[in-house]
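Descriptive structure summary
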Amino acid sequence: MKTLIRVAVIAVTAIIVSACSEQEAKVEVPQPVALSEEAVGHYCNMTILEHTGPKAQIFLANNPHPVWFSQVRDGVAFLRSPEEHYETVAVYVNDMGKASEWDFPGDDTWIDAQQAWFVIGSRKTGGMGTPEVIPFGEQQTASAFAAENGGAVVRLTEIPDAYVLGPVGLDLETTNPVTGAIQ
């Protein structure tokens, strides 16, 4: 009898583990969504179309609609914020190397933020008039932008928390752009 119970417990456990694995495997990564009048900034509660410069859209688990950000800096802050406890499925940003103009990058410029190169600490500001995290699809394009506009080229994981979570106006002349430490 004990052997039969043990076999039943193992079988039930295997079914549960298998079902969980299948459920995790079915999570599809959504494609970026075109901007519309309904796109409202998560932090500013303003229509995204009213803001210039690069934007971010973040998809969360079990939500088919993106969370919009009028600046990429705000999107990165959302990802790093200890108050935001969401499972992120996809993060898209505008590739400013493909944008035909700074003010309105266009809906054909969305790229995966994990693949992007970012310029931080440049003279260019974002849609809210504050320092921006400017995304590019290619390192060479990001480096050329930084050479012309100032700043440092980094990957998403290298953006200092202090740059996106700290006070606006973090000076990269006196702050290490990789660690966020005051020099």
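Residues numbered from 1 in each chain as written. Predicted model: local features only at pLDDT ≥ 70, side-chain atom pairs only at ≥ 80, totals over all residues. Heavy atoms only, no water.

Our focus in this paragraph is the packing of aromatic side chains. Throughout the structure, instances matching the rule amount to seven aromatic pairs. Through pairs of rings, three or more aromatic residues link up here, namely Y43, F69, F78 and Y86. Its guanidinium or amino end placed over the ring of W117, R155 lies 4.0 Å from that ring's centre, counting from NZ or CZ. (Phe/Tyr/Trp six-rings, centres within 6.5 Å; stacked < 30°, edge-to-face > 60°. Lys NZ or Arg CZ within 6 Å of the ring centre and 35° of its normal.)

Burial of strand β1 (residues 56-60) is extensive: five of the five residues sit out of reach of the surface. Across the two faces of β1 the burial is the same, with A56, I58 and L60 and Q57 and F59 all buried. In terms of strand pairing, β1 meets strand β2 (residues 67-69) through three bridges, oriented antiparallel. Counterpart to Q57 in the pairing with β2 is W68. Linking β1 back to β2 in an antiparallel pair, the connection comprises six residues, with N62 at a positive phi of about 65°. Taken together, the five bridges between β1 and strand β3 (residues 88-94) define a ladder with antiparallel strand orientation. (Buried < 20%, exposed > 50% of the residue type's maximum accessible area, 1.4 Å probe, protein only. Helix = DSSP H or I, 4+ residues; strand = E, 2+ residues; numbered from the N terminus. Pairing = 2+ DSSP bridges.)

This part takes up the environment of V168. Along the chain, V168 falls in the segment after α4 (161-165). Residues V168 and E132, spaced 36 residues apart in sequence, show a C-alpha to C-alpha distance of 9.8 Å. When sequence neighbours within four positions are dropped, the list of residues in contact with V168 reads R73, T130 and P131. (Contact = heavy atoms within 4.5 Å.)

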